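# Fold and geometry: a report
Listed here are the chains, written in short residue letters.
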Amino acid sequence: MKKGQIIEGTVERMDFPNKGIVVCGEGVCTVKNALPGQKVRAAVNKARNGRYEGRLLEVLEPSPLETGSPCPHFGSCGGCTYLSFPYEESLKIKEGQVRRLLAPVLEKQDEACLFEAAKASPAVFGYRNKMEFTFGDEVKDGPLSLGMHKRGSFYDIVSVTDCQIVDEDYRKILRCVRDYFEELQGQGADVSFYHRLRHTGWLRHLVVRRAAKTGEILAALVTTGQTPGQTAAEREILAGFTGRLLALPLDGTIVGILHVRNDSAADVVQSDETTILYGRDYFYEELLGLRFKISLFSFFQTNSLGAELLYSTAREYISGCISASDKAEDEAGQKTVGKIVYDLYSGTGTIAQLMAPVAKKVIGVEIVEEAVEAAKRNAELNGLHNCDFIAGDVLKVLDGIEEKPDVIILDPPRDGVHPKALSKIIDYGVEHILYISCKASSLARDLEIFLARGYAAVKCVAIDQFPWTAGVEVIVKLELVKR
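What counts, and where the lines are drawn
Residues numbered from 1 in each chain as written. Predicted model: local features only at pLDDT ≥ 70, side-chain atom pairs only at ≥ 80, totals over all residues. Heavy atoms only, no water. Axes fitted to C-alpha atoms, helices over the stretch in contact; angles between N-to-C directions. Helix = DSSP H or I, 4+ residues; strand = E, 2+ residues; numbered from the N terminus. Left-handed = near helix turned anticlockwise from the far one by under 90°. Contact = heavy atoms within 4.5 Å. Core = buried A, V, L, I, M, F, W, Y, C linked by side-chain atoms within 4.5 Å. Buried < 20%, exposed > 50% of the residue type's maximum accessible area, 1.4 Å probe, protein only. Patch = residues over 30% accessible without salt bridge, like charges linked within 9 Å, V, L, I, M, F, W, Y side chains within 5 Å. Areas by Shrake-Rupley, 256 points an atom, 1.4 Å probe, with all protein chains shown as cover. Salt bridge = Lys/Arg side-chain N within 4 Å of Asp/Glu carboxyl O. Pairing = 2+ DSSP bridges. Polar contact = N/O pair within 3.5 Å; in protein donor to acceptor, adjacent residues only side chain to side chain.

Close contact between helix α2 (residues 168-186) and helix α3 (residues 231-246) brings their axes to 10 Å; oriented N to C, the two are set at 145 degrees. For the pair α2 and α3, the crossing hand works out as right-handed. The segment α2 lies against α3, with I173, C176, V177, Y180, F181, E183 and L184 engaging E236, I237, G240, F241, R244 and L245.

Here's what the structure looks like:
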């Protein structure tokens with residue numbers, strides 16, 4: 001194959017996260033977003049050392065597995081990957097991807113790892129508890145759109161008014177907000193969307209968070225500081241925005257409406273200044289009997305019911321290692337049971353709080369200070385007094401913690417654990433480590449190091465936190481087999 005060549009072939013399988021492996025007369029080419037079983041046409045855009053990558057041009061024949069999509073935006077919106085497949089088939093694909101990634105690593109250890117069957121999300125539609133919608137247009141100089149990025153595009157936005165991975169409250173809010181600003185534009189108001197190339201315009205994002213258990217909703221309009229006219233005009237626009245949302249007939253309850261100013265040149269949702277337009281700047285969610293106070297930017301698993309499955313599985317994997325401790329005496333001569341647990345990359349402290357009832361103490365480390373403060377508040381809210389949360393980089397913070405761990409839980413960001421931090425973690429020589437990963441390729445890389453340093457993976461499972469998308473969570477339990 002040569003760069004620029006047009007090829008046709010059948011997708012043999014899909015590797016993590018969304019790499020279709022296309023077999024054609026000239027060889028094998030990786031084509032993103034090509035689904036297993038499809039016959040496709042692609043343009044080769046990379047050819048190096050016998051490895052080829054292509055860009056999907058056309059699906060010539062659908063896969064025998066495809067049954068049609070319940071979402072009219074599927075294929076144009078970049079959010080979902082497997083929505084045209086039965087859910088059970090998408091779950092098999094994800095499990096296969098994880099197995100293929102981890103197999104070359106796990107086969108190097110002496111004992112076999114128990115690889116459990118992938119666990120399905122309790123809800124496969126309407127499951128998301130957070131969405132960041134973007135203002136823009138679907139075609140150059142077209143009408144205002146509010147939704148998701150078009151597949152393969154950084155600039156074009158698809159108005160996902162019928163998105164199936166959120167519930168009807170999200171869809172009503174999205175339609176309401178888009179219609180409101182379309183009306184204002186029709187009346188001559190200066191409410192243009194933010195142009196990512198020119199760095200001009202006002203409307204940037206709409207953020208909606210909705211708790212699955214409590215039904216509480218937080219909505220935020222994110223704009224630049226480039227106000228549409230006078231300050232009084234902006235106040236009037238925001239008042240109209242607030243009134244429209246509060247008038248909506250929703251199943252849930254709006255508890256807060258916010259205005260966030262963000263003048264970052266990057267296409268990210270962040271706050272330079274946040275104003276409460278209505279209610280409060282947080283909502284409550286419940287997981288496995290615990291209550292969590294969540295702000296607009298707090299990290300929290302985007303699938304609440306899936307998070308319960310993820311965390312209950314994690315607790316099942318490791319709780320026996322935390323509580324099954326020989327009795328020891330504290331300074332007062334009292335018998336104590338339980339172990340010291342490190343929860344590294346602890347976020348808002350969800351895992352730490354779930355482990356706290358069976359542990360002597362849980363120490364959480366997280367680099368985002370707001371998340372640490374939220375973790376402290378949530379632990380207090382749940383009456384847990386054996387949790388200690390520290391703000392800082394894991395690599396730097398570990399040296400300053402006097403209490404050494406008996407068990408370590410890792411839930412790192414997508415890129416995995418920093419190599420230097422990983423070495424420090426392994427140096428503790430704890431008997432049990434639980435690794436929760438949202439990117440299986442990073443997990444495979446880190447497992448190589450664990451195995452080289454005397455650990456073995458004894459149990460593993462993929463959990464579908466993100467139905468229909470390319471994402472999947474993986475839990476691995478590691479045990480020290482040789483020092």
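Picking up where we left off.
Residues L102, F135, F181, L245, L344, L410 and F450 are the most contacted members of the largest nonpolar core, which totals 89 residues. Judged by nonpolar contacts, the second largest core, of 45 residues, contains V269, V372, L384 and C387.

This paragraph deals with a nonpolar patch on the surface. Together, F154, Y155 and L197 make up a nonpolar patch on the protein surface, roughly 330 Å² of accessible area in all. Mapped onto the fold, L197 is located in the loop between α2 and β10 (203-210). For L197, a relative accessible area of 63% translates into the label exposed.

Below, the discussion takes up the sheet that holds strand β11 (residues 216-223). Here we have seven strands laid out as an open sheet, ordered β9-β8-β7-β10-β11-β12-β13, and mixed in their pairing. The sheet terminates laterally at β9 (157-158) and β13 (273-279), the two strands that pair on one side only. Packed onto the sheet, α2 meets β7 (130-137), β8 (144-149), β10 and β11 and runs at close to 155 degrees relative to β10. The sheet strands contacting α3 are β10, β11, β12 (253-261) and β13, and the helix crosses β12 at an angle near 155 degrees.

Counting through the fold element by element, K94 comes out in helix α1 (residues 87-106). Accessibility expressed as a relative area gives 1% for K94, which makes it buried. C-alpha separation for the pair K94 and G471, spaced 377 residues apart in sequence, amounts to 8.2 Å. Apart from the residues lying within four places of it in its own chain, the contact partners of K94 are Y82, D464, F466, P467, W468, T469, A470, G471 and V472. Only 2.9 Å separates the side chain of K94 from the backbone oxygen of F466, close enough to count as a polar contact. At a separation of 2.8 Å, a polar atom in the side chain of K94 contacts the main-chain carbonyl oxygen of G471.

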